[in-house]
Structures are given as structure tokens and as C-alpha cells.
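What follows is each chain in one-letter form.
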Amino acid sequence: MSASGGEFEVVIGLEVHAHLRTKSKLFSPAPILYGAEPNHSVHPVCLALPGVLPVLNEHAVELAIRAALAMNCEVHQRSIFARKNYFYPDLPKGYQISQYEEPLATGGWVDIPTQGAGGAASKKRVRLTRIHMEEDAGKSIHDDAIAGADATLVDLNRAGVPLIEIVSEPDIRSAEEATDYLRAIRSILRFTDVSDADMEKGHLRCDVNVSLRPHGSDEYGTRTELKNLNSFRFIEDAVRAEIERQSETLRAGGAVRQCTLAYDPQSGRTSVLRIKEDADDYRYFPDPDLIPMLLAPEQIERVRSEVPELAEQRAERFQHEWGLSEQDAIQLTASPAIANFFQAAADRHGAPQTVANWILRDVMQALKELEMALDDSPFSPEALAQLISMVDEGKTTVKSARGLIAELVESGGDPESLIAERGLAAVSDAGVLERAVAEVLAENPENVELFHSGEKKVVNFLMGQVMRKTQGKADPAAVREILARELGK
Amino acid sequence: MAEGIGTLRELRAALDSRKTSSVEIVGGCLRRAEASQQSLRAFVGLRAEAALREAEASDARRERGEVRSPLDGLPIAIKDNMVQTGEPTHCASRILEGFVSPYTATAVAGLERAGVVVIGRTNMDEFAMGSSTEHSVEGPTRNPWDLDRTPGGSSGGSAAAVAARIVPAALGSDTGGSIRQPASFCGVVGMKPTYGRVSRWGLVAFASSLDQIGAFALTAADCAWVLEAIAGHDARDSTSIPEPAPAYSAALSGDLSGLRLGLPKEYFVSEGVDAGVLAVVREAVAGLERAGAKTLEVSLPYARYAIATYYSIANAEASSNLARFDGVRYGHRTAGAKGLTEMYCRTRSEGFGAEVKRRILLGTYFLSAGYYDAYYRKAQQVRTLLRGDFEQAFAGCDAIVTPTSPEVAFRLGEKTSDPLTMYLSDIYTVSANLAGIPALSTPCGFAHGLPVGLQILGPALDEATPLRIADAFQRITDHHTACPGGVS
């Protein structure tokens, strides 16, 4: 089954929740510490002790505005925090502070890559309904091994962490588009430094609404909601499975029921969590503990002027200013870490294409083999620029330099001293090289013969032999020069 | 009953002239509180040891000439809905049994900074929901003027403790009249400042947009002292007014000449008010006129909707505010429940009293899908109109006077079976909470042998004018000095 719905048109909308990168919580002074002992980064406000009150974190507001502007939304000068009332053990107040009737931002859009007519690369625009701010809930731990049988433990470290919820219009038409959209959102959140947007760590979560309708219909079918999908792979698989499930139901003449579903990656199937007989009644009302959030137009404009360059703009700049290919530019803007690393190394070194080649080939491969992220590597862009320059200047060889990349990625260090310590300095001593060339020519008379008979390519073979003789340390330019001179005799 | 305590100012003078010590004053308060519990039940908990220790520390400060404020070493009682580090706060509810606070309310911290000694927590209607202090898990507080009658509520314990001269002052909270109505019933001064004047940080929420901490005292001047210690901006309360505490005492000039007093025509009608109460209030107004005030008629056309508006908003907010009492983290949790839903249901069924349950149910209904517009949103719209009424009225006058309550203290049990009648007890007081304006009640005479309160309302942010009027009134009358029988 393809990710499109065959005889049906697939209609998908996403609700994406992203943690904001703040030091403290949205309404509490408790610090945000990932990996802290359970219930250790909490404050009376997070515990909803009697008498506590929320105070809005201004930095969270700045980040939310920045994200909304980067996603082309209209940021409202007045928005309201509302209480969403429901009972759950990891929701300490018995309500979540969110936004309802007057959200921070509305409208906006995110572009995702798509194939245009004839397979040409193109863009598709996914419209946004709104972006609003809210606080996260804590975590309930039902695991028998931790909580004991029939018991639930509650960890409130996450309770109150600031979130934005990004709600899309139902503009998405396939499972691939859903993940492309989420990748685009993640890229914007990262390039704007709004969120680490790491799905594994729960910084980015999404609920997917899926419905089918006959092609050409302008009415929406009954939708189902897939909850708590925490990887791109699961999202794509879950959406495909749900499209399949709904298609089968409809083909068999049945009706899709509105419900909330969970996806089981083991079986690859979706299963009903609960049927929505009526819409949930969360009894939203404006939180009387908080005053309306009023933003001055100057504040919004200031944040707008501070929105950093996004991946797309950076990639364009790399192409236009530095002459990179589109493919290289897109790869080098896959994350702000790579883009920043490339930009700094290229600025330092001066030949962006050369630097790009080193990063895309050697650095990426080393990261992959070491299963590391560039963010976690001590390798500095300055060190890369220096290493490449040493190759340029004949101080070391490409081979020696490439051999050092993995080590530099893993543990950092100064390329110049590493090359000296390891004896990897290029051999450019004329006497040594001339002796090596003479030996190689003497050992390979048939190739010398071939060269003279017009097979000029054998020079590469002879080069290789000289390099081998010098354990790869010979300065290739100098070797080529001596070879040419000796063969030309 | 033992000899009652004097005013804060009398006690200050006695300390300064070394006629007594803080330890002696606080010890006396504790003895009177204990002795009165059987008859009055004004307190739900005393902090005897800590209070005496703090009194000793205050005496030592005075010896060293390091007196922190005019209130240093003087005793106070706080309502059982304000938290203090290391102390229980139960809101007179079973649901908070066992809860001890790890932090202190801003208002209480203000008292501590001033050197005030908190001697204990006073009884109240559970979660401040009530007008009689009968809805308490500890049992009702009684009115010192007549032990068969209620002290009013919900801050009835605080009012009774001051009226019985157990303590010279007490903190209360006022969501719809919970300071002023008991002050009226018990014949003491009670003031609710402008909404946001005193931080709500550490006040257990009933209705967040209406709740306000205030003070009880024997005189307006004493009340001003206490308010000065607890008012002012607090960054931990987003609804706190961003201004320092005004110097109320400096405004007590005793001069009423040229003062324009508005009399709402809707409130000065014989309908719905006890004739004796109305006569006493009219006589008080005449007294103010004789002292130089001019009276004029004002109109509050939307005031007739105040009770309905108030109960819609207050209950809606309460239904949400009380959701945190779920048995998960603190307070009462039912034993042996199977499953989460049963734990919630049994915990809350056991933990809350009938009146609290009634209000949670009503508030939940008002916020429900399909009813929100008809109740909560409509109530907010009326609230805006009512606020407009007051703004218009204050354009032509400096203060508004009304009876505090339509009647004198009623009998215990008289209204518990008829909640709606109980709610009407708040008819003159809820408007000030809806409009967010300051209002106080001061003793203005007796009807049927029981105290009657005069309510004085000021424009937003202007607590000083009602305090100045009450103080001036007390200089020309002696109603506030009258003691209930058995207290001297």
C-alpha cells in the first residue's frame, strides 16, 4: 500500500508540541534539568501546593514569538492564557495552563519539499492554523518493575516545562509529507534556537489527524487522531497503517469512527485508545491568576529583526555567495550545528567548496562511524580549516589528513601538533623524493616504456608507487614535478 | 472570661513605656484563646511555643533599640487559608488534613518582617465558602455577642477572636464579603483592600479574581497599621498592583469637611433589609453629615445582578481552583481505592464538605460546553457593567456608604438548610469584589442588641478614604469600643 490513499484522497493535519529552550519553567522558577532525579527539579508551583500562583516566563514568550514569526504567523498584541481542566495524576493543578480563545499567533505557513511537474524539485506550502503557548504535564510511570504492580508513580520534573503547540491546517496529503512537514518544523525550531527539538528526548512530539475522502470531494471525512508518536519512522509507519485501516473500512462500505489511536511499532498496526462519543469538555476559561499577555508592536518587531537565518536561506546563500551546488548546500544546512561548523570553517579557510568536500565526505563519515552528533564533538571548525590548509600548503598529505579526521572528531586536538607527533608531516625533501622516484623508475621499466609510447596515464601508477615507498607522506605536488622531469629526460 | 486585650496602639504604648512585654501580651492572648475555645471555637490551631519564642526575640530587639515597626512584638491571628512555613494550613477542610506548608504567604511574611507574632490560625467556612463559619470541619465558631448566633463568615474565627478581645487584630480573606460581613456581625473593623493590593501568594485560592486578603482590628487606625505591613507589590502574584504599600496612617486626619458621600438609592430602600439595621445606618450617615460630610444619591443600576454574577464567577473559578485537591500529592487520600477514578471520587467525596461540593458542582456546570456563554461569559459581561456603575458613581463622590449586611448576626443553623438565603447575606458586599474596589465595615451601632456595620467603599486604589472616614467616625462615636458580655 502506498502512502497515498489509492482511490481516496488522504487528508492530514498535525499538532506539534515543542519544548522551548528556557532555563526555567513557564510559570515556575524551577530549573529545567533533563536527566535530573525524579521530582528534583520542582518548586511549590510545579507541585500545585495550596496558595501558589503562576508567573509568566518572559524568555519563553520571546522564543514563542520568534518561532511564530519564523513560521510566518501573525503574532497578536493581546493573547490570553486559559485553563484546560481535566484530572490526571501527572497534572498537579487539575488543569493545564494553555491558550484557547485568543492564542499567541494565527495564520502562517511552512514550506516542504515536493516534486513538481515532471519530477522537478518544488515546494509545497502547509498552512498553519495557530501557534499557542502552554505548559507540559509531568510523567506517569506505570511500569510494574519501577512502580510495583497496579501502582503508578508520578515524576513532576517535566510539569510546567514551556511548550508551543503548532497546529497545521489539513493540507498534508501523505505519510511522507507528514514527516517532511515535521522535519521542516524541526529545522526552523533549531535554526531559530527556539528548541532542541529532539524527538528522542521528547522535546518534539506530535499528534496526527488522518481522514480519507473520495478524490475531488471538498468535504472532509471522519478523522482519527494518532497520539504520542515519537520518531519520524513511527509517524510515517503509523500514518500508512492508519490510511490502510481507513481505506479497508471504507472499501468494505463501513464508516470511520472518530477516535484516538495508538500505534504499535511491533505489530505495525494502529489500535483504538478511546472512542470520542462527544467532544472532550475541558471547561476552558481565562486563567484569573494571569493577566492578558500584551505585546507592544515594538517588541514583536524587535524579535522579528532578531529571527536568525533559516536553513533554506542559508542554503541559498551558500549557493549564491560561495558557488556550492544545491545538493551540497542542502546537506550542509541539515542542522544548525553543521551549517555553523561549515560556515566558520569556510570563513577561516577561504575556499568553501574545499571545506564542503571535507565535511560532507570525511567529517560526516567519521560522525556516522562514531555514532556521534556534531554538537557533541570537540572538533572545532578552526581545526578543520587548519588541517585543510596544511594539506594545501604541502605540509601534510591528503591521506595523512583524512586519517586524522576520526580522531579529531572523537577527541579534538590541534592538527599541527598531532601531525608532528605522529610523524605525518609531508616529505618534500628533494633528495629523499628524487631517490624514491629513481628507485621506482628503475623497478618499473615496462611502465616507463609505456609512458614513452604515449600511455601518459601510467604516471598515476608511478605516483602511487612513490607514495607507497614514502608511506604516503610524500608531498604529491613535488613528486609529480620530479616524475615529470625524470620521465621527460 | 478574662480581661480582654487593648488596641494595637494601646499595646504599643504599653511596650514602649515598659509597662508590659511582648511575652506577657502574647502569653495573655494564648491563655484567652485556649480558655475561649470551648465557647467560641475561634481558632483551629495555636502556635504557642513558636509565638512565645518570637515574642521573646521581639522583647530582646526592643531592649537593643532595634524595633522593626510599630507592630513589633504585637500579636495577631491569621485565617486558616494562609500558609506559613512549618505550620499546617487546612482551610477548615478534611481534604487538607496533614498538610504542613513548606513556604510562607507574602502577607504573613510581611507580618513577620514587621515583627508581628502570629499566635494561631482562625476558624472559617471550609475553603472560605460560606457566610457563617458553620461550614467548618472543626465545627462552627460562635458570636461573642450571642453564643447562639454565628459570627458571620467566612472569616468568622478572625472576627470573633478580635471581638472577644482575644487578639487585637487578625487577617482574613474576602471573596464576596468574608471580612466585612463577620466584622459587621461581631462589631469590629474589617477591611478588604483593592484587588491586588495585598499579594495572594500563599493564600489558598477560592475565587482567584475576587479573593483579597485584608485585616480585622478594633479601630480603623489599627487596621491601617496592619494593612501597611501586608500591602505592596509582589512579583510572585501576577495580579499584584505594582506600587508600594501606601502610608494609610498618615491619611487619618479626622477631617471630613467637604467629603462627598454617595448613598446608592438601590440600597437605601426598606425592602430586603432589617428595619433596625437600616435605621442605625441612617443615623450613622447623619453623624457623618454632622461631622462635615455631604451626602448625595448615587445609582448602581447593575447592583441587582451582583449576587447572581458573583456566584457564577466565584463558583466557576472555585471548581477549577479546588481540582488540585485530588489525594495525589498531599492532604487526605482515601484508603484502599481500586483504580484512579475511585481514588479521586472517594478522596474528594470524603474530603470536601457539602457546601464546597455544591459550589464545585455549580461551577463545573457554569463552565461546561454549551453553558459557558450563558453563565460564565455573561457574568463577566455583567461584571464589566457593574464596574462601570462604580466608576460613574465615584466620578461624583469620594466614597459610598451602605449597610454591610441586611441584618444582624443570625442564629446558628438558621440558614444552613437554605443556601440561597445564606447567599443573600452577601448582597451589599459582593459588588466591591466584582468591581475590585476597597471596602471596609465599621461598627455603627446596635439593632436587636447586636452590632450593626456601616460599609464604606472607596474608588480603586484608594483605601485611604474609607479608612479616614471610619477613623473620623470612631473619633465621634464609641460603638467600636463596645465589648461583648463577659469581656472587659
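On a predicted model such as this, the values are computed, not experimentally measured, just so you know.

A. Structural view of the packing of helix α9 (residues 306-321) of chain B against helix α11 (residues 354-367) of chain B. Residue and element names in this part refer to chain B. At a closest axis distance of 7 Å, the pairing of α9 and α11 adopts a crossing angle of 100 degrees. Put simply, α9 runs roughly perpendicular to α11. Here Tyr-311, Ser-312, Asn-315, Ala-316 and Ser-319 of α9 come into contact with α11, specifically with Arg-359, Ile-360, Leu-362, Gly-363, Thr-364, Phe-366 and Leu-367. Grouping the constituent residues of the contact of α9 with α11 by class yields six nonpolar, five polar and one charged.

B. The arrangement of unusual backbone geometry in detail. Look at the link from Gly-153 of chain B to Ser-154 of chain B: it is a cis peptide, with omega at 10 degrees. With respect to the helices and strands, Ser-154 of chain B occurs in the loop between β3 (117-122) and α5 (156-163). Of note in the backbone geometry, Arg-283 of chain A takes a positive phi value of approximately 45 degrees without being a glycine. As for its position among the elements, Arg-283 of chain A is in the loop between β15 (269-275) and β16 (285-286). Overall, the relative accessible area of 14% leaves Arg-283 of chain A in the buried class. Residue Arg-18 of chain B is not a glycine yet carries a positive backbone phi of 60 degrees. When you line up the elements, Arg-18 of chain B lands in the loop between α1 (8-16) and α2 (22-37).

C. Main features of the interface of chain B and chain A. On the chain A side, the residues contacting the 39 residues of chain B number 32 residues. For the pair chain B and chain A, the summed buried surface comes to about 2,800 Å²; carbon and sulfur atoms form 59% of the total. Here chain B and chain A share two salt bridges between them. Close ionic contact of Asp-289 of chain A with Arg-200 of chain B constitutes a salt bridge, the shortest N to O distance being 3.1 Å.

D. View of the side chain of Ser-247 of chain A. All names here are of chain A. Turning to its location among the elements, Ser-247 is positioned in helix α5 (residues 232-251). On the accessibility criterion, Ser-247 (0% relative accessible area) is buried. Polar contacts involving the side chain of Ser-247 include one to the main-chain carbonyl oxygen of Ile-243, which spans 2.7 Å.

E. Seen up close, the packing of α1 of chain B against helix α7 (residues 220-230) of chain B. Residue and element names in this part refer to chain B. Where α1 contacts α7, the axes come no closer than 8 Å and their chain directions differ by 75 degrees. Classified by the angle between their axes, α1 and α7 sit roughly perpendicular to one another. Residues Leu-8, Arg-9 and Arg-12 of α1 pack against Ala-221, Asp-222, Trp-225 and Val-226 of α7. Within the contact of α1 with α7, the residues separate by chemical class into four nonpolar, no polar and three charged.

Thresholds, definitions, all that
- Counting of residues starts from 1 at the beginning of each chain's written sequence and follows it residue by residue.
- For naming, the first written chain is A and the first written ligand is 1, with later ones following in the order written.
- Local features in this predicted model are restricted to residues of pLDDT 70 or higher, and side-chain atom pairs are both shown and tallied only at a pLDDT of 80 or more, whereas totals for entire chains, interfaces and linings draw on every residue.
- Values shown for side chains rest on all heavy atoms present in the structure; no hydrogens or waters enter the calculation.
- Angles run from 0 to 180 degrees between N-to-C directions of axes, and those axes are lines fitted to C-alpha atoms, restricted for helices to the stretch in contact.
- Where helices and strands are cited, they refer to DSSP runs of H or I of at least four residues and of E of at least two residues respectively, numbered from the N terminus.
- For classification purposes, an angle smaller than 35 degrees is called roughly parallel, one larger than 145 roughly antiparallel, one from 65 to 115 roughly perpendicular, and anything else oblique.
- In this analysis, two residues are considered to be in contact whenever any of their non-hydrogen atoms come within 4.5 Å of each other.
- For this classification, the nonpolar set comprises Ala, Val, Leu, Ile, Met, Phe, Trp, Tyr, Cys and Pro, the charged set comprises Asp, Glu, Lys and Arg, and every other residue, Gly included, is treated as polar.
- We call a residue buried when its accessible area falls under 20% of the maximum for its residue type, exposed when it is over 50%, and partly exposed in between, using a 1.4 Å probe and counting protein chains only.
- Accessible area that two parts lose when put together, with a 1.4 Å probe and added across both, is what the buried area reports.
- One side-chain nitrogen of Lys or Arg within 4 Å of one carboxyl oxygen of Asp or Glu is enough to make a salt bridge.
- Two N or O atoms form a polar contact when they lie within 3.5 Å of each other; inside protein one atom must be a possible hydrogen donor and the other a possible acceptor, and for residues adjacent in sequence the pair counts only when both atoms belong to side chains.

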